[in-house]
Amino acid sequence: MKKYITEFIGTFALVFCGTGAVIVNSLSDGSLGLIGISMVFGITITAMIYVFGNISGMHINPAVTIALAVGKLMPKNEVIGYISAQILGAFLASGLLCFIFTETKTLGETLPNGGILPSIILEIVLTFFLMLTILGITSKKEYSNLAGIIIGVFIVGAILISGPISGGSFNPARSIAPAIILGNFYSLWIYVTAPVIGSVLAIILWRYMDEKKE
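This is a predicted model, so every value here is computed, not measured. (Residues numbered from 1 in each chain as written. Predicted model: local features only at pLDDT ≥ 70, side-chain atom pairs only at ≥ 80, totals over all residues. Heavy atoms only, no water.)

### Observations concerning empty space enclosed by the protein
Then step 1. Going through the model one piece at a time under the given rule, you end up with one cavity of 30 Å³ or more.
Then step 2. A volume near 40 Å³ is recorded for the largest cavity.
Then step 3. Considering the residues around the largest cavity, the lining is formed by Glu109, Thr110, Leu111, Ser175, Ala179, Asn184, Ser187, Leu188 and Tyr191.
Then step 4. The set of elements that each furnish at least two residues to the lining of the largest cavity consists of helix H7 (172–182) and helix H8 (188–213). (1 Å grid on protein atoms, 1.4 Å probe; cavity = no way out; pocket = protein on both sides within 12 Å on 5 of 7 lines; lining within 4 Å. Points joined across faces, edges and corners; volume = space filled by probe spheres on them. Helix = DSSP H or I, 4+ residues; strand = E, 2+ residues; numbered from the N terminus.)

### Observations concerning the packing of helix H5 (residues 116–138) against helix H6 (residues 147–162)
Then step 1. The N-to-C vectors of H5 and H6 enclose an angle of 170 degrees; their axes lie 10 Å apart at closest approach. Between H5 and H6, the angle falls in the class roughly antiparallel. The residues of H6 that touch H5, namely those facing Leu122, Leu126, Phe129, Leu130, Thr133, Ile134 and Ile137, are Ala147, Ile150, Ile151, Phe154, Ile155, Ala158, Ile161 and Ser162.
Then step 2. Here the residues of the contact of H5 with H6 sort into 13 nonpolar, two polar and no charged. (Axes fitted to C-alpha atoms, helices over the stretch in contact; angles between N-to-C directions. Parallel < 35°, antiparallel > 145°, perpendicular 65-115°, else oblique. Contact = heavy atoms within 4.5 Å. Nonpolar A, V, L, I, M, F, W, Y, C, P; charged D, E, K, R; others polar.)

### Digging into the state of the cysteines
Then step 1. Applying the stated criterion across every chain, the model contains zero disulfides.
Then step 2. Distance from the sulfur of Cys17, which forms no disulfide, to the nearest cysteine sulfur (Cys98) is 17 Å.
Then step 3. For Cys17, a relative accessible area of 33% puts it in the partly exposed group. (Disulfide = S-S within 2.5 Å. Buried < 20%, exposed > 50% of the residue type's maximum accessible area, 1.4 Å probe, protein only.)

### Describing helix H3 (residues 62–70)
Residues three or four positions apart in an α-helix share a direction because the helix packs 3.6 residues into each turn.
Then step 1. Burial runs high along H3: seven of the nine residues are buried.
Then step 2. Inspection of H3 places Pro62, Ala63, Val64, Thr65, Ala67, Leu68 and Ala69 among the buried residues, and these make up the whole buried set.
Then step 3. For H3, the side-chain oxygen to backbone nitrogen distance between the N-cap and Ala63 is 2.9 Å, and the N-cap itself is Asn61.
Then step 4. Of the residues trailing H3, Lys72 is marked for its positive phi of about 60 degrees. (Polar contact = N/O pair within 3.5 Å; in protein donor to acceptor, adjacent residues only side chain to side chain.)

Here you go:
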């Protein structure tokens with residue numbers, strides 16, 4: 001149960017702070033900008049990894065959870081609990097933001113502003129490299145203390161690259177909650193499927209390369 005509670009809290013923090021930054025940016029005439037928004041996402045993820053990473057691994061992302069299960073790096077009987085906790089955390093965060101910022105027209109939802117195909121490709125490719133980064137840094141004990149920083153920095157860079165095109169999601173929970181609360185479903189499928197495809201491709205490659213080492 002502790003694992004699910006930490007995944008709930010971690011995903012709540014990610015969505016509340018990250019999409020909250022998007023909302024604040026839209027209400028303050030772009031005071032944060034893309035750099036500020038990406039930094040908020042990265043810093044929040046870094047903080048949550050250091051606070052709760054030793055309990056649940058701090059996936060805070062259904063795509064990561066699914067990939068780890070496919071790669072047999074976590075018990076499959078925990079997958080539903082992890083994903084449920086992540087999505088509930090995201091929904092509570094988006095609901096609270098909607099309550100706080102009643103004047104906003106956005107909840108930080110991710111939209112394919114640069115086109116559907118470019119958005120799909122960016123979400124797949126960048127989630128692929130995010131997953132490889134997670135697997136690489138967590139597999140080496142000598143670098144484990146740097147995991148939160150490296151993953152957070154990667155997220156900052158990935159959002160800077162993809163933000164203007166796809167919105168920079170890489171996380172189904174982060175996109176599902178704002179979209180459903182706003183009733184904006186037309187592109188949601190991109191942000192549910194593309195990150196999962198990217199993360200699963202990464203774990204397949206990782207397992208293949210790992211077997212070759214043996």
